[in-house]
Amino acid sequence: MRYREGGDIDLSNVQDRRGRGGGGFGGLGGGGRGRGVAVGGGGLGLVGLVVVVLIQVLGGGGGGDGGAALGGLAGLGQGEQADNSALEQACADSGDANTSVDCAVAADIESIQDYWTGVLGDRYQPTDTVFFQGQVQTACGGASSGSGPFYCPGDSLVYIDLSFFDQLQQQFGAQGGLFVNAYVIAHEYAHHVQNLLGTNQQVTPGEAGPTSGTVRLELQADCYAGAWANHAETVPDESGAPLITEINADDIDRALDAAGRIGDDFIQRELGGGQVNPDAFTHGSSEQRRLWFTTGYETGDPAQCDTFVTDDVG
């Protein structure tokens with residue numbers, strides 16, 4: 001994966017809260033000051049962690065006061081601050097994304113949101129990604145690095161501790177790479193799209209199983225991520241040129257490798273107790289996740305990602 005050199009990276013949709021205080025982290029599920037359940041568990045299902053915070057109902061950010069957080073500093077806990085000054089220095093040129101994970105993720109965010117703006121028009125409302133370290137307060141409650149990246153409908157923000165990418169390689173055995181990181185971010189922004197479109201409202205909280213609404217929501221997010229990847233080399237930024245200049249076959253193979261390692265069956269078998277229980281699936285099997293990312297990537301059409309209308313999700 002390669003990024004264009006000689007351009008700019010828009011950092012306005014990143015809130016860098018690393019090293020700025022934990023905001024009084026009170027443990028998972030201890031919050032309750034917002035609406036909605038953080039979805040995705042990073043979208044990646046970390047060792048049985050299905051959702052990050054169990055508070056109210058899935059998809060609470062689709063309307064009401066939860067949507068007021070879009071684009072601003074909403075969601076900051078007591079003592080938390082966002083400071084992008086270090087990012088601004090490190091990511092002065094878009095080519096810095098080729099050597100810096102921080103800059104690459106910021107460039108991914110810009111490309112992904114430009115893509116969805118082109119697809120949905122005025123229906124798409126850009127939102128921020130919060131870079132945190134260790135722990136963070138959200139409108140869905142407190143979360144830690146162990147939660148993995150996730151999307152909180154209550155404040156419509158994506159949250160990630162970037163050390164997760166190391167964990168994906170070291171704990172899960174994934175090959176990793178810049179495009180794998182981009183796949184993770186694209187999956188989380190897909191949850192934002194689902195929230196804007198009200199798709200989460202089709203899911204009953206607590207559902208599980210290989211064809212459950214919870215799994216269908218996650219597989220659709222994988223498919224949406226693939227659809228963005230199909231167009232990433234042609235999505236223009238404000239200059240009119242794409243930020244991403246190359247995604248090659250190796251990048252796609254690495255993404256499929258990662259998708260296979262974050263399937264419920266792989267996690268249960270390799271990182272859990274060794275027994276695979278499909279009735280407990282909440283993110284989809286390795287095969288399902290690879291299938292739906294591939295569907296999005298090969299078609300490039302989000303309309304082909306409606307996992308809720310098919311009887312067979314893989």
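Going by the structure above, here's the rest.
Here is a short report on the structure shown in this document. Model, not experiment: these values are computed from the prediction.

So, the packing of helix 7 (residues 249–261) against helix 9 (residues 286–299)
Then step 1. In the contact formed by helix 7 and helix 9, the axes pass within 8 Å of each other and the chain directions differ by 145 degrees. Our pair here, helix 7 against helix 9, has a crossing hand that is right-handed. Of helix 9, the residues touching helix 7 (which contributes Ile252, Ala255, Leu256, Ala259 and Gly260) are Ser286, Arg289, Arg290, Phe293, Thr294 and Tyr297.
Then step 2. Looking at the contact of helix 7 with helix 9, its residues break down into six nonpolar, three polar and two charged.

Considering the nonpolar core
Then step 1. Counting residues in hydrophobic clusters, the biggest one holds 66 residues, and the most contacted among them are Ile9, Trp116, Leu168, Phe179, Tyr183, Trp228 and Phe293.
Then step 2. Going through the elements one at a time, helix 3 (101–120), strand 7 (157–160), helix 4 (164–170), helix 5 (178–197), helix 6 (213–231), helix 7 and helix 9 are the ones with two or more residues in this core.
Then step 3. Not counting chain neighbours up to four residues away, the residues in contact with Trp116 comprise Gly121, Tyr124, Val193, Tyr224 and Pro302.
Then step 4. By size, the runner-up hydrophobic cluster in this structure holds ten residues, among which are Val136, Cys140, Ala143 and Cys152.

So, the side chain of Thr129
Then step 1. Here Thr129 is to be found in strand 3 (residues 129–131).
Then step 2. According to the relative accessible area criterion, Thr129 is buried, its value standing at 0%.
Then step 3. Engagement of the side chain of Thr129 in a polar contact is seen with the side chain of Tyr189, the distance being 2.8 Å.
Then step 4. If we skip the residues at most four places from it in the chain, Thr129 touches Asn13, Val14, Gln15, Ile109, Val158, Ile160 and Tyr189.

What counts, and at which threshold
- Residues numbered from 1 in each chain as written.
- Predicted model: local features only at pLDDT ≥ 70, side-chain atom pairs only at ≥ 80, totals over all residues.
- Heavy atoms only, no water.
- Axes fitted to C-alpha atoms, helices over the stretch in contact; angles between N-to-C directions.
- Helix = DSSP H or I, 4+ residues; strand = E, 2+ residues; numbered from the N terminus.
- Left-handed = near helix turned anticlockwise from the far one by under 90°.
- Contact = heavy atoms within 4.5 Å.
- Nonpolar A, V, L, I, M, F, W, Y, C, P; charged D, E, K, R; others polar.
- Core = buried A, V, L, I, M, F, W, Y, C linked by side-chain atoms within 4.5 Å.
- Buried < 20%, exposed > 50% of the residue type's maximum accessible area, 1.4 Å probe, protein only.
- Polar contact = N/O pair within 3.5 Å; in protein donor to acceptor, adjacent residues only side chain to side chain.

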